[in-house]
Amino acid sequence: MALAAGAEKQQGKLVIRHIGLMLSGALERPILDADTVVAENGRITALGREKDCDTDEARVVVDAHGTALAPGLIDSHVHPVFGDWTPRQNQLGWVESCLHGGVTTMISAGEVHLPGRPRDIVGLKALAVTAQRAFSGFRPAGVKIHAGAPVIEQGMVEADFADLAAAGVTLLGEVGLGTVKVGDEAARMVGWARKYGLRSTIHTGGPSVPGSGYIDADTVLAADADVIGHINGGHTALPLTQIRCLCEGCGRAIEIVHNGNELAGLSALRFARELGQLERVVLGTDSPAGSGVQPLGILRLIAFLASFGAVPAEQVICCATGNTARQRGLDCGLIEVGKAADFLLMDRAQHSAGTDLLESIGKGDLPGIGMVIVDGIVRCGRSRNTPPADRVPELLG
Ligand SMILES: [Zn+2]
């Protein structure tokens, strides 16, 4: 039965009513004046006030009981291998645990932890195709993992990128984790990737683990990948002057990760804010990593940036939802008609010093998740990982 998780979408109509706060994921309007969302066959079909929505003949009804609804969180930077196993910390069930942290979509920055990972060109292409197929066919706990992200190596030619695209690969793993580390060479391959529709990301900063490399700001700018991967290091960060150069010197996505340097992450957020370019900021965990797997990594990053970064919580949440979806061309991450019905229902944690959800996050507390929905299917009720919230949504059937 597990394999069926690949294509499952909710059949029929889902209605979520009595939503106390609707967070859109869109920076230009992060809070919507609405209390009801309707989805059919896994897509949002209506949102607004309940009296204005057609809620008849719902197959599944959720009473939010005044909790907040947001788009499911997107982790912009993960390193999956196969299924719900990671050899990095020899751990099972890490993706399912992240679902309980509100994450409904993950983007691979390379399946680099595979023991014996092939580095020859035929082998790396085969691995990319296999990973893309495997995660298309199987969603651990329902989480959508966009994987099949080859790490480019010296000797690749344009035809290799055409082959990858023709085989269904849509991503490049972190540039710099293989033998291609120089700006010009990387730029040529990133250009080929872009020509064939593959989105790219580049490792930024010091080596993550023995075997990976150091990439400075000049190299990142020369390579011109779509995403400045972990601009705050993974974990060793560049000097803040170089991070500022990256923010000011290009228009590419600014990725801040949980498994990075916190001061550098906070600084990158500040540089983006000062530039008036918060829409470039996307959040990831870079997990599994040397520091482990943090199922609440994205939530912790949101609370950290909202409490220290002088950016309101509802805007930081956009950095983990709509910004990422737009930067990466995904059909989720926004509460908008036509988008995937991926939802997170949450409320202020019990005994938080904040009086409501957004204020509690602004004070650095994590929210309590009450339900996570992917493609219209309820994947979990009250999270086993977050602190309990005052209010919990109810599945009415
Ligand atoms: Zn990296």
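Small disclaimer: the values here were computed from a predicted structure and weren't measured.

## Structural notes on the overall build of the chain
The helix and strand inventory of the chain stands at 11 helices and 21 strands. A globule of 397 residues ought to have a C-alpha radius of gyration of about 21 Å, and the chain, at 20 Å, matches this closely. Taking all 397 residues of the chain together, the buried fraction comes to 56%. In the chain, of all internal contacts separated by at least 6 residues, the share reaching a separation of at least 24 is 74%.

## Some details on the nonpolar core
Judged by nonpolar contacts, the single largest core of 120 residues is most densely connected at Leu 69, Ala 268 and Ile 302. A domain-level breakdown of this core finds at least three residues from each of domain 1 (2–71 + 335–395) and domain 2 (73–295). Those residues in contact with Ala 268 that sit more than four places away from it in its chain are Ile 231, Asn 232, Ile 243, Cys 247, Ile 254 and Ile 256.

## Looking at the pairing of strand β18 (residues 343–347)
Buried residues dominate β18, accounting for 5 of its 5 residues. Every second residue of β18 is oriented toward a common face, with Phe 343, Leu 345 and Asp 347 on one face and Leu 344 and Met 346 on the other, all of them buried. Note that strand β7 (residues 68–71) and β18 share 4 bridges and pair antiparallel. Of the residues in β18, the one forming a bridge with Ala 70 is Leu 344. As judged from the 5 bridges shared by β18 and strand β19 (residues 368–374), these two strands associate in the antiparallel manner. By the bridge assignment, Phe 343 is partnered in β19 with Ile 373.

## Looking at helix α4 (residues 183–195)
Three or four residues apart is the spacing at which side chains of an α-helix point the same way, because the helix has 3.6 residues per turn. If you check α4, its first and last C-alpha atoms are 18 Å apart, about what 13 residues at 1.5 Å a residue would give, namely 18 Å. Within α4 the residues assigned to the buried category are Gly 183, Ala 186, Met 189, Val 190, Trp 192 and Ala 193. Buried residues along α4 sit against α3 (158–166), β13 (171–175), β14 (199–202) and α5 (217–223). At the C-terminal side of α4, Gly 197 shows a positive phi close to 85°.

## A few points about the domain arrangement of the chain
The domain boundaries assigned to the chain delineate domain 1 (2–71 + 335–395) and domain 2 (73–295). A separation of 28 Å is found between the C-alpha centroids of domain 1 and domain 2. Of all the elements in the fold, those that place two or more residues in the side of domain 1 that touches domain 2 are β19 and β20 (377–380). Partitioning the side of domain 1 that touches domain 2 into residue classes produces 10 nonpolar, 3 polar and 3 charged.

## Here's the deal with the sheet that holds strand β16 (residues 253–257)
On the basis of which strands lie adjacent, the open sheet formed by 5 strands has the order β13-β14-β15-β16-β17 and parallel pairing. The two strands at the open ends of the sheet, each matched to only one other strand, are β13 and β17 (281–284). Relative to β14, β13 is paired through 3 bridges, and the arrangement is parallel. Residue pairing in the sheet places Leu 171 in a bridge with Arg 199 of β14.

## Brief notes about unusual backbone geometry
A negative phi holds for most residues other than glycine; trans holds for most peptide bonds. Cis peptide bonds are those with omega within 30 degrees of zero, and the linkage from Gly 234 to His 235 qualifies with 25°. Within the secondary structure, His 235 is located in the loop between β15 (227–228) and α6 (240–249). Between Ser 287 and the following residue, Pro 288, the backbone shows a cis peptide bond with an omega angle of -10°. With respect to the secondary-structure elements, Pro 288 resides in the loop between β17 and α8 (297–308). The phi angle at Ala 141 is positive, at roughly 60°, despite the residue not being glycine. Relative to the elements of secondary structure, Ala 141 occurs in the loop between α2 (121–137) and β12 (144–146). When the 19 C-beta atoms within 10 Å are taken as the criterion, Ala 141 is described as partly exposed. Despite not being glycine, Ala 310 shows a phi value in the positive range, around 60°. Along the chain, the position of Ala 310 falls in the loop between α8 and α9 (313–319).

## Brief notes about the sheet that holds strand β3 (residues 31–32)
Strands sit in the order β3-β2-β7-β18-β19-β20 across an open sheet of 6 strands; the sheet is mixed. Of all strands in the sheet, those with a lone pairing partner are β3 and β20, marking the two edges. Relative to β7, strand β2 (residues 21–23) runs parallel, the two being bridged by 2 bridges. If you follow Met 22 over to β7, its bridge partner there is Leu 69.

## Section: the packing of α6 against helix α7 (residues 262–274)
Contact geometry for α6 and α7: axes closest at 10 Å, N-to-C directions at 35°. With respect to the hand of their crossing, α6 and α7 are arranged in right-handed fashion. On α7, the residues that touch Leu 240, Ile 243, Arg 244 and Cys 247 of α6 are Ala 264, Ser 267, Ala 268, Phe 271 and Ala 272. Across the contact of α6 with α7, the residue classes break down as 7 nonpolar, 1 polar and 1 charged.

## Overview of the pairing of β20
Of the pairings in the sheet, the one linking β19 to β20 comprises 3 bridges and is antiparallel in character. In the sheet register, Ile 373 faces β20, and the bridge partner there is Val 378. Following β19, the chain reverses through 2 residues before pairing antiparallel with β20; Asp 375 in that reversal takes a positive phi of roughly 50°.

## A word on the packing of α2 against α3
At a minimum axis separation of 10 Å, α2 and α3 run at an interaxial angle of 20°. Between α2 and α3, the angle is such that the two are roughly parallel. Considering how the two elements wind past one another, α2 and α3 form a crossing that is right-handed. The residues of α3 that touch α2, namely those facing Ile 121, Lys 125 and Ala 128, are Asp 160, Asp 163 and Leu 164. Residue composition of the contact of α2 with α3, grouped by class: 3 nonpolar, no polar and 3 charged.

Conventions we followed
The residue numbers shown here count from 1 along each chain, following its written sequence. pLDDT decides what is reported in this predicted model: residues at 70 or higher carry local features, side-chain atom pairs at 80 or more are listed and counted, and totals for whole chains, interfaces and linings draw on all residues regardless. Comment: elements are numbered from the N terminus, with helices defined as DSSP H or I runs of at least four residues and strands as E runs of at least two. The globule rule used for comparison is 2.2 Å times the number of residues to the exponent 0.38, while the radius of gyration itself is calculated over C-alpha atoms. Burial is judged by counting other C-beta atoms within 10 Å of a residue's own C-beta: 20 or more means buried, 12 or fewer means exposed, and anything between counts as partly exposed, with every C-beta placed from the backbone. By definition, residue pairs are in contact when their C-beta atoms, positioned from the backbone, come within 7 Å. To count as a nonpolar core, a set of buried Ala, Val, Leu, Ile, Met, Phe, Trp, Tyr and Cys residues must be joined through C-beta atoms within 7 Å. For the domain bounds, the source is a domain assignment made automatically or taken from a database. At least two DSSP bridges between two strands are needed for those strands to be called paired. By definition here, a helix of n residues has an expected span of 1.5 Å times n minus one. Asp, Glu, Lys and Arg are counted as charged, while Ala, Val, Leu, Ile, Met, Phe, Trp, Tyr, Cys and Pro are counted as nonpolar; the rest, among them Gly, fall into the polar class. Geometry is summarised by axes, namely lines fitted to C-alpha atoms with helices restricted to the contacting stretch, and by angles between N-to-C directions that run from 0 to 180 degrees. The crossing is said to be left-handed when, going from far helix to near helix, the turn is anticlockwise and less than a right angle, and right-handed when the turn is clockwise. For classification purposes, angles smaller than 35 degrees are called roughly parallel, those larger than 145 roughly antiparallel, those between 65 and 115 roughly perpendicular, and all remaining angles oblique.

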